[in-house]
Structure formats: C-alpha cells, structure tokens
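# Architecture and fold: a report
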Amino acid sequence: MASKTSTLDGIKITYTEGFNYDECNSDSLSTGTEGQDAVWSVESVTVVDENGDELNAHELADYLDSDFSSINYSVLEIEQIIDVDKDSDMETFTLDIDNAPNVRFTGELVANAASSDNQAIGGSYNGQTGRWTELSLYKTKGGKFICHQVGRTKRQDERDRFSGKVCETLEEVKEFFGHRWLSKELYAEASIDDVVEVE
C-alpha cells in the first residue's frame, strides 16, 4: 500500500492506493484502488452539502484537485535485470591496465587495429622490429566506451605494456587514441568520423 497525506491547519486528508510489481522489473509497476474499502480519509473537519447532509470522504474527493492523489513512485528502488540477447556479441571482458585496477565489463568489441613488427608487411609496419601495438574499442551494455591499448614486444628484456580508459563520449575516445595512422584505422573500422569541419 502507498498513501499520500495533506495537512493544513489541523485538517488531514489521506489518500491510499495499492501497488504491485514483478521483482526486478520496473516496467511492471501497477497501481490502483480496486477492491479497497478505504481510499480516502478526512480528519478534524466535517463537510456538508447544500442540503446540510454530511459528505463522506469518498464524496469529498470529487472536489479535490488531482494533486491530492498523485503518488510519486520514483522513490521505489526496483532492481533491474538486463537481459542480453543470446545471439548478440556481448560477453564479459577483463582488460589488463598497468598501474591501475584492471577493467571488467559486459559488452562487445566494436573495432580493433594492430601494427606489425614485421617489416615485410608494409603499411602496418611500426618501424620497430620485435614491437607492435594493438588498439581495441569496446562498448559496454550500459553505453560506455572502453579504450584499450597494448604495446606488445618479443624482446626478452621487455614486457607488454597495457593502458586503457573508460569513456562517456566519442570525443574522449579520440583523446585517448589520438590521430596517428593506426588510430585512424581503428576509427574507420568503428565508423567514427575523425575530421575537422572547415567552412
């Protein structure tokens, strides 16, 4: 049950209704007064009609503004279950980050791009034998972007380097990855415009 009480100068008017919802499903919230014996109650005042007959609380309600019965259910904290389509590409990822907590999320890989440590591969060669870079862009089921960069190495005296960032907007994504040729390959795969409009 939920109720709303309005008071003024000692007069108290209370409206009561029932509500129900399925667990973890905020869209299922339903409200109403069907089957209730007492919907309205009035205290400390007697109201009569033009014939001097006392109006009961329900009859009095016909003269009240709708604000008296508008109950705000936004304060209800209904847990939500987000169903992920079994056919979607969403999965749970855990990304390594150096000098910061690793990042775990459920989402999908949007795009990736990688250079090569092999000079023979041509345009993707990064200029350093034994080293290459991998860029990945993810989108979480909540709509955030996860940027991840891995500096790979085959050199015995070096270790792979990991960096990443959780971003709210594509502008933040571009701030993280920058505008080098490998980043532009990533943007192209993700259908992200990396241009400056000039009139």
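From a predicted model like this one, the values you see are computed outputs, not experimental measurements.

The rules behind each value
- Residues numbered from 1 in each chain as written.
- Predicted model: local features only at pLDDT ≥ 70, side-chain atom pairs only at ≥ 80, totals over all residues.
- Heavy atoms only, no water.
- Helix = DSSP H or I, 4+ residues; strand = E, 2+ residues; numbered from the N terminus.
- Contact = heavy atoms within 4.5 Å.
- Areas by Shrake-Rupley, 256 points an atom, 1.4 Å probe, with all protein chains shown as cover.
- Core = buried A, V, L, I, M, F, W, Y, C linked by side-chain atoms within 4.5 Å.
- Buried < 20%, exposed > 50% of the residue type's maximum accessible area, 1.4 Å probe, protein only.
- Arc of directions from axis to C-beta.
- Salt bridge = Lys/Arg side-chain N within 4 Å of Asp/Glu carboxyl O.
- Phe/Tyr/Trp six-rings, centres within 6.5 Å; stacked < 30°, edge-to-face > 60°.

### Some details on the overall build of the protein chain
The number of helices and strands found in the protein chain is three helices and nine strands. Of the contacts made within the protein chain by residues no fewer than 6 positions apart, 42% connect residues no fewer than 24 positions apart. Taken as a whole, the protein chain presents about 13700 Å² of accessible surface, with 43% of it coming from carbon and sulfur.

### Some details on the nonpolar core
The tendency in soluble globular proteins is for nonpolar side chains to be buried side by side. Counting residues in hydrophobic clusters, the biggest one holds 14 residues, and the most contacted among them are Leu137, Cys147, Val173, Phe177 and Leu186. Going through the elements one at a time, β6 (103-114), β7 (131-140), β8 (145-153), α2 (170-177) and α3 (181-190) are the ones with two or more residues in this core. In this structure, Leu186 is in contact with Ala111, Asn112, Ala113, Leu135, Ser136, Leu137 and Phe177, ignoring residues within four places of it in sequence. Counting eight residues, the second-largest nonpolar core is a separate cluster that includes Tyr15, Val39, Ile71 and Tyr73.

### Section: the side chain of Thr14
Mapped onto the secondary structure, Thr14 falls in strand β2 (residues 11-20). With sequence-adjacent residues up to four places away left out, Thr14 is seen in contact with Ser3, Lys4, Thr5, Val39, Trp40 and Ser41.

### Focus on α3
Residues that lie three or four places apart on an α-helix share one face, since the helix turns once every 3.6 residues. For α3, the set of buried residues is Leu182, Ser183, Leu186, Tyr187 and Ala190. Here the buried residues of α3 occupy an arc of 145 degrees about the axis, which is enough to place them on one side. Contacts from the buried residues of α3 go to β6, β7 and α2. Note on α3: the residue one or two positions beyond its end, Ser191, has a positive phi of about 60 degrees.

### Focus on the pattern of salt bridges
Evaluation of the coordinates by the stated rule reveals seven salt bridges. In this structure, Arg159 engages Asp98 in a salt bridge whose closest nitrogen and oxygen atoms are separated by 3.3 Å. Pair noted here: Arg159 is in the loop between β8 and β9 (161-167) and Asp98 is in the loop between β5 (91-95) and β6, with a separation of 61 residues, a long-range link. For Arg159, a relative accessible area of 52% corresponds to the exposed category. Between Glu171 and Lys174 there is a salt bridge, with the nearest N and O atoms lying 3.4 Å from each other. Of this pair, Glu171 and Lys174 both sit in helix α2, separated by three residues, roughly a single helical turn.

### Observations concerning the packing of aromatic side chains
This structure, assessed with the given rule, holds six aromatic pairs. For the ring pair Tyr15 and Trp40, a centre distance of 5.0 Å and an interplane angle of 55 degrees mean the geometry is tilted. With Tyr15 in strand β2 and Trp40 in strand β4 (residues 40-43), this pair connects stretches of sequence that are 25 residues apart. Judged by relative accessible area, which is 8%, Tyr15 ranks as buried. The class of Trp40 is buried, set by a relative accessible area of 15%.

### Some details on the environment of Gln156
If you trace the backbone, Gln156 turns up in the loop between β8 and β9. Judged by relative accessible area, Gln156 falls into the exposed class, the value being 84%.

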